[in-house]
Amino acid sequence: MSVTITLPDGSERTYAEPVTALRVAEDISPRLAKAAVAAEVDGLPRDLSFAVSEGTHALRILTDRDAASLEILRHTAAHVMAQAVVRLYGREVQYTIGPALVNDFQYGFYYDFDLPRPLTQDDLPKIEAEMAKIVAEKIPIEREELPVAEAKARFEQLGQSYKVEMIDELAREQGARTVSLYRQGDFLDMCRGPHLPDTGRLGKAFKLLTTAGAYWRGDENNKMLTRLYGVAFFDPKALQEHLTRIEEARKRDHRVLGRQLGLFQFSDAVGPGLPLWLPKGAILRMELEGWLRGELLKRGYLPVVTPHVGKVDLWRTSGHYPYYEHGLFPTMHLRDVENVPEGQEDGYLLKPMNCPFHIQIYKSSQRSYRELPLRFSEFGTVYRFEQSGELSGLTRVRGFTQDDAHIFCTPEQLEGEIESCVELTKLCLATLGLEDYRVRVGLRDPDDAKYTGSSENWDRAEANIRHVVRKLGMNSSEEPGEAAFYGPKIDFVVKDCIGREWQLGTIQVDYNLPERFGLEYIGADNAPHRPVMIHRAPLGSPERFIGILIEHFAGAFPLWLSPVQIAVLPVSDKYNEYGAQVSRALREAGLRVELDDSPEKIGAKIRRATLEKVPYMAVVGAREAESSTVSVRHRTEGDLGAMSAGEFTDALRREIATKGRETLVRERLSAASGR
RNA sequence: GCCAGCGUAGCUCAACGGUAGAGCACCGCUUUUGUAAAGCGGUGGUUGUGGGUUCGAUUCCCACCGCUGGCUCCA
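Fair warning: this is a prediction, and the values are worked out from it, not measured in the lab.

Concerning the pattern of salt bridges
Throughout the structure, instances matching the rule amount to 44 salt bridges. Of the charged contacts in the structure, one is a salt bridge between lysine 163 and aspartate 189, with a shortest N-O distance of 2.6 Å. Of this pair, lysine 163 sits in helix α6 (residues 161-174) while aspartate 189 sits in strand β12 (residues 187-190); the two residues are 26 residues apart in sequence, bridging distant segments of the chain. Aspartate 189 shares its class with lysine 163; the two are buried. Connected via shared salt-bridge partners are Arg87, Glu130, Lys133, Glu137 and Asp186.

Below, the structure written as structure tokens:
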């Protein structure tokens with residue numbers, strides 16, 4: 001009959017009877033006990049009040065220095081917030097769920113409430129003040145384990161019907177016999193825990209950030225609850241840094257930079273989610289697309305061009321229409337202007353995808369196995385009627401282009417083709433320096449009826465994808481329910497400046513549309529066979545990709561993508577003529593140049609070009625005109641010294657060829673330091 | 001689509017019941033300038049749209065449109 005506790009440093013402590021984690025901490029040192037936040041017993045997070053039972057157990061005392069503690073702090077913060085809301089808004093407040101978030105860029109926790117009226121921004125200061133009171137009261141947080149029936153009775157008594165529903169569900173789906181409750185004074189919640197030992201430990205480094213609506217259980221058929229988001233840290237300095245980081249991130253927001261740099265705009269006169277690319281944005285986009293087009297040709301892709309509208313029937317055959325009708329721009333009816341043949345549906349759609357058109361091209365002649373794989377590529381603009389609340393800058397729009405292609409191949413060729421698609425997608429990300437992405441393998445959700453095709457087809461497609469992912473050793477996560485309705489996919493997902501995830505590149509395996517459209521090729525055996533399709537887009541969409549790119553570079557694009565590559569800046573009007581000469585020479589060398597012949601002083605011109613994030617400036621005055629040179633300045637590195645226009649051009653061409661490395665800067669700086 | 005907030009000059013913001021103001025940008029004049037903002041002057045607004053309350057609305061109320069943060073959705 002004894003308790004043996006092994007500590008992380010390997011030492012052991014023995015107790016005659018069960019002992020709480022806190023007691024052990026006290027025995028180790030009073031300072032540790034004071035700093036203790038929670039414990040980890042046999043690898044599981046526990047409260048400090050947790051009693052370690054007989055036998056041998058590994059114990060670790062968690063302090064604010066442990067990463068795992070932050071989640072506990074934030075979870076307690078959510079409870080304290082809920083307690084404050086109940087205190088302020090009365091017993092008719094229903095509290096539902098309130099988890100900690102540790103990987104979110106902005107938020108640290110939230111709690112969803114059902115209240116007589118939704119809370120607004122104006123309520124937050126009051127709630128924060130009440131939370132501060134609760135912290136000052138240092139209310140002990142106590143855990144108890146109750147049988148399901150008893151716990152239900154408690155919450156029924158409190159009128160907390162959501163909690164009752166959750167307990168029922170725990171009992172039904174996980175066979176729970178008991179549930180754990182946490183009480184802090186007048187507030188009782190069902191929670192797995194662990195929590196801080198008392199509300200005082202929350203401290204002052206918390207802040208409520210925003211309110212939002214959220215459907216109960218994330219289902220839009222359910223009631224909309226009020227969600228409060230907040231964040232908490234152990235250290236007020238860390239909170240301040242966090243808030244500053246959010247503020248900084250908002251400065252890179254592509255919507256802000258897009259306007260500042262004159263890349264794109266939206267116009268009420270045109271309609272929401274329909275971007276207008278301004279000249280500078282259009283150049284950037286053309287450069288990116290032009291590069292990718294070259295890569296596609298090298299890889300045996302065949303360009304095709306297809307229209308923006310097509311008959312509804314096409315989308316019925318593909319299967320898009322019934323499932324995604326609400327996601328389409330409304331059907332155009334032609335009966336009033338044209339005869340619609342008997343038996344043919346009257347209607348055209350603005351295309352939501354390019355695949356049915358590419359399929360028609362496949363079908364335009366009889367195909368032999370000798371032709372396969374056929375890779376039809378098109379930067380096709382598609383239109384999807386996204387819900388109004390979903391629209392967001394360039395990352396979620398209603399009219400956008402896909403760097404699309406459909407690969408038609410034999411089942412034997414499929415995995416090799418998937419592999420090359422993965423490599424091309426990785427090349428795109430690597431070329432732009434987007435290293436921070438995750439790979440998601442989207443599989444069907446077996447409980448959802450929206451997927452088309454046989455389960456054999458799905459099994460095959462999912463197996464193909466898994467093979468390739470394994471073969472390439474890709475670090476990826478499988479997510480059921482993330483497949484396209486016709487097939488599973490590999491998605492490349494990145495985050496924007498405030499941590500929202502967006503899918504960029506995608507590779508989708510599809511056995512189903514070839515079936516639905518009756519595609520065939522004649523095999524070596526002279527018999528018809530069914531091809532497999534891959535839908536793939538390495539950028540995903542230039543719109544979204546560039547949106548992310550703007551944030552990635554904070555608007556300071558590498559030379560090859562910069563809308564203006566060189567600003568020629570005459571020191572005064574007197575040198576405008578020489579400046580124009582230099583500009584002409586650079587432009588003839590294929591560089592994008594802007595001559596600033598405004599009556600400003602040189603300092604102002606430099607400032608303007610720098611704010612516009614033009615990579616290089618060529619300052620020209622008497623000295624340069626005299627010696628036929630330009631004084632080169634880099635947007636961040638400053639003065640790089642004088643060189644001839646020819647030397648400058650050559651250096652920039654070399655730098656453009658690298659697609660990113662600032663070779664000229666390096667050359668000049670190393671020359672300078674070598675001197 | 002749902003919840004909340006916001007919509008004032010091209011941009012960033014002020015005025016908050018008494019018929020709008022600043023900085024930047026733009027235009028003009030002076031200055032002819034050497035590596036992140038020269039000086040002076042000027043143009044510019046049916047205060048998102050439509051109703052309502054009021055002697056009077058940018059300000060208060062309602063509806064719509066748009067934007068922002070979430071939720072849902074996302075081929």
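Here the narrative resumes, following the displayed structure.
Thoughts on the domain arrangement of chain A
Segmentation of chain A into domains returns domain 1 (3-63), domain 2 (68-248), domain 3 (276-308 + 351-553) and domain 4 (566-674). Computed over C-alpha atoms, the centres of domain 1 and domain 2 are 27 Å apart. The partner domain 2 presents 11 residues to the 11 residues of domain 1 that form the contact. A buried area of about 800 Å², summed over both sides, lies between domain 1 and domain 2, and 54% of it is on carbon and sulfur atoms. On the domain 1 side of the contact with domain 2, Val37, Asp47 and Leu62 bury the most area, a combined 56% of that side's loss.

Notes on the protein's contact with RNA strand B
Residues in contact with RNA strand B amount to 61 residues; listed here are only the nearest, Tyr215, Met353, Glu390, Arg607 and Glu624. By atom count, sugar and phosphate contribute 53% of the portion of RNA strand B lying within 4 Å of the protein. Note that a sugar or linking oxygen of RNA strand B is positioned 3.5 Å from one of the side-chain N or O atoms of aspartate 268. In this structure, proline 599 approaches RNA strand B through a main-chain N or O atom, which is 3.3 Å from a base oxygen. Only β13 (206-215), β14 (224-232), α8 (254-260), α11 (320-324), α18 (602-611), α19 (622-627) and β32 (629-634) provide two or more residues apiece to the surface near RNA strand B. For the surface near RNA strand B, the leading source of residues is α18, giving eight residues. A per-class count over the surface near RNA strand B returns 25 nonpolar, 16 polar and 20 charged.

Considering helix α7 (residues 236-251)
With 16 residues, α7 ought to run about 22 Å at 1.5 Å a step, and its terminal C-alpha atoms sit 23 Å apart, in line with that. Along α7, the residues classified as buried are Leu239, His242, Leu243, Ile246 and Ala249. Down the axis of α7, the smallest arc covering the buried residues is 120°, so these residues share one side. For α7, the exposed residues lying more than 90 degrees away from the buried face are Lys237, Glu247 and Lys251. Tucked into the core, α7 has its buried residues touching β13 and β14. You can read the cap of α7 off the contacts: a side-chain oxygen lies 3.0 Å from the backbone nitrogen of lysine 237, and it is on aspartate 235.

Concerning the packing of aromatic side chains
For the structure on display, the rule yields 22 aromatic pairs. With centroids separated by 6.1 Å and ring planes inclined at 70°, the aromatic side chains of tryptophan 291 and tryptophan 560 adopt a geometry described as edge-to-face. On the criterion of sequence distance, the pair formed by tryptophan 291 in helix α9 (residues 279-298) and tryptophan 560 in the loop between α16 (542-553) and β29 (566-570) is long-range, its members being 269 residues apart. Judged by relative accessible area, tryptophan 560 falls into the buried class, the value being 3%. Members of the aromatic cluster, each reached through a chain of ring pairs, are Tyr95, Tyr111, Phe113 and Phe187. In this structure, arginine 398 is placed above the aromatic ring of phenylalanine 385, and the distance from its NZ or CZ to the ring centre is 4.1 Å.

Here we look at the packing of α9 against helix α13 (residues 411-431)
Contact pair α9 / α13: the axes reach a minimum separation of 12 Å and the direction vectors enclose 150°. Viewed along their axes, α9 and α13 adopt a mutual orientation that is roughly antiparallel. Two packed elements cross with a definite hand, and for α9 against α13 that hand is right-handed. Counting all contacts with α9, which are made through Trp291, Leu292, Glu295 and Leu296, the residues of α13 involved are Leu424, Leu427, Cys428 and Thr431. For the contact of α9 with α13, the per-class residue count stands at six nonpolar, one polar and one charged.

Some thoughts on the sheet that holds strand β5 (residues 44-46)
The sheet built from five strands is open, its strands ordered β2-β1-β7-β4-β5 with mixed pairing. Each edge of the open sheet carries a strand with a single partner, namely β2 (12-15) and β5. Each strand of the sheet is rotated relative to its neighbour by a mean of 35°, with strand direction disregarded. Note: strand β1 (residues 3-6) against strand β7 (residues 55-63), four bridges, orientation parallel. The residue bridging valine 3 from the neighbouring strand is glycine 55, located in β7. Running over the sheet, helix α1 (residues 21-28) touches β1, β2, β4 (36-41) and β7 and is turned about 120° from β2. Each of β4 and β7 is contacted by helix α3 (residues 67-89), which is oriented at about 75° to β7, the strand it contacts most.

Description of the nonpolar core
Membership of the largest hydrophobic core comes to 53 residues, with the highest contact counts inside it found for Ile418, Leu432, Ile490 and Phe545. The element contributing the most residues to this core is α13, with seven residues. Aside from chain neighbours lying at most four places away, what touches leucine 432 is Leu288, Phe545, Leu549, His552, Phe553, Trp560 and Leu561.

Some thoughts on the pairing of β12
Every second residue of β12 is oriented toward a common face, with Phe187 and Asp189 on one face and Leu188 and Met190 on the other, all of them buried. Note: strand β11 (residues 178-184) against β12, four bridges, orientation antiparallel. From the neighbouring strand, glutamine 184 faces β12, where its bridge partner is phenylalanine 187.

A short note on the pairing of strand β25 (residues 501-510)
Working note: regular strand, side chains alternate between the two faces of the sheet. Here β25 lies mainly inside the structure; eight of its 10 residues are buried. Counted along the chain from strand β24 (residues 489-495) to the antiparallel partner β25, the turn is five residues long, and its residue glycine 499 has a positive phi close to 90°.

Here we look at helix α14 (residues 455-471)
An α-helix turns once every 3.6 residues. As a result, residues three or four positions apart point the same way. For α14, spanning 17 residues, the distance from its first C-alpha to its last is 24 Å, which sits close to the expected 24 Å at 1.5 Å a residue. Buried within α14 are the following residues: Asn457, Trp458, Ala461, Glu462, Asn464, Ile465, Val468 and Val469. All buried residues of α14 fall inside an arc of 155° around its axis, so they share one side. Exposed residues pointing more than 90 degrees away from the buried face of α14 are listed as Glu456, Arg470 and Lys471. Buried-residue contacts for α14 involve α13, β22 (437-443), β23 (476-480), β24, β25 and α15 (512-516). Just downstream of α14 lies glycine 473, where phi reads positive at about 60°.

Observations concerning the side chain of aspartate 123
Position of aspartate 123 among the secondary structure elements: in helix α4 (residues 123-137). Looking at aspartate 123, the relative accessible area reads 3%, which means it is buried. At 2.9 Å, the side chain of aspartate 123 and the side chain of tyrosine 89 are in polar contact. Once residues lying within four places of it in the same chain are set aside, the contact partners of aspartate 123 are Tyr89 and Arg117.

A few points about the packing of α9 against α16
Two elements in contact, α9 and α16, have axes separated by 11 Å at closest approach and are oriented at 110°. By the angle class used here, α9 and α16 are roughly perpendicular. Like other packed secondary-structure pairs, α9 and α16 cross with a definite hand, here right-handed. On α16, the residues touching Leu284, Arg285, Leu288 and Glu289 of α9 are Pro542, Glu543, Phe545 and Ile546. Class assignment for the residues of the contact of α9 with α16 results in five nonpolar, no polar and three charged.

Definitions and cut-offs
- Residues numbered from 1 in each chain as written.
- Chains lettered and ligands numbered in written order.
- Predicted model: local features only at pLDDT ≥ 70, side-chain atom pairs only at ≥ 80, totals over all residues.
- Heavy atoms only, no water.
- Salt bridge = Lys/Arg side-chain N within 4 Å of Asp/Glu carboxyl O.
- Helix = DSSP H or I, 4+ residues; strand = E, 2+ residues; numbered from the N terminus.
- Buried < 20%, exposed > 50% of the residue type's maximum accessible area, 1.4 Å probe, protein only.
- Domains from an automatic or database assignment.
- Contact = heavy atoms within 4.5 Å.
- Buried area = accessible area lost by both parts, 1.4 Å probe.
- Near = heavy atom within 4 Å.
- Polar contact = N/O pair within 3.5 Å; in protein donor to acceptor, adjacent residues only side chain to side chain.
- Nonpolar A, V, L, I, M, F, W, Y, C, P; charged D, E, K, R; others polar.
- Expected span 1.5 Å × (residues − 1).
- Arc of directions from axis to C-beta.
- Phe/Tyr/Trp six-rings, centres within 6.5 Å; stacked < 30°, edge-to-face > 60°.
- Lys NZ or Arg CZ within 6 Å of the ring centre and 35° of its normal.
- Axes fitted to C-alpha atoms, helices over the stretch in contact; angles between N-to-C directions.
- Parallel < 35°, antiparallel > 145°, perpendicular 65-115°, else oblique.
- Left-handed = near helix turned anticlockwise from the far one by under 90°.
- Pairing = 2+ DSSP bridges.
- Core = buried A, V, L, I, M, F, W, Y, C linked by side-chain atoms within 4.5 Å.

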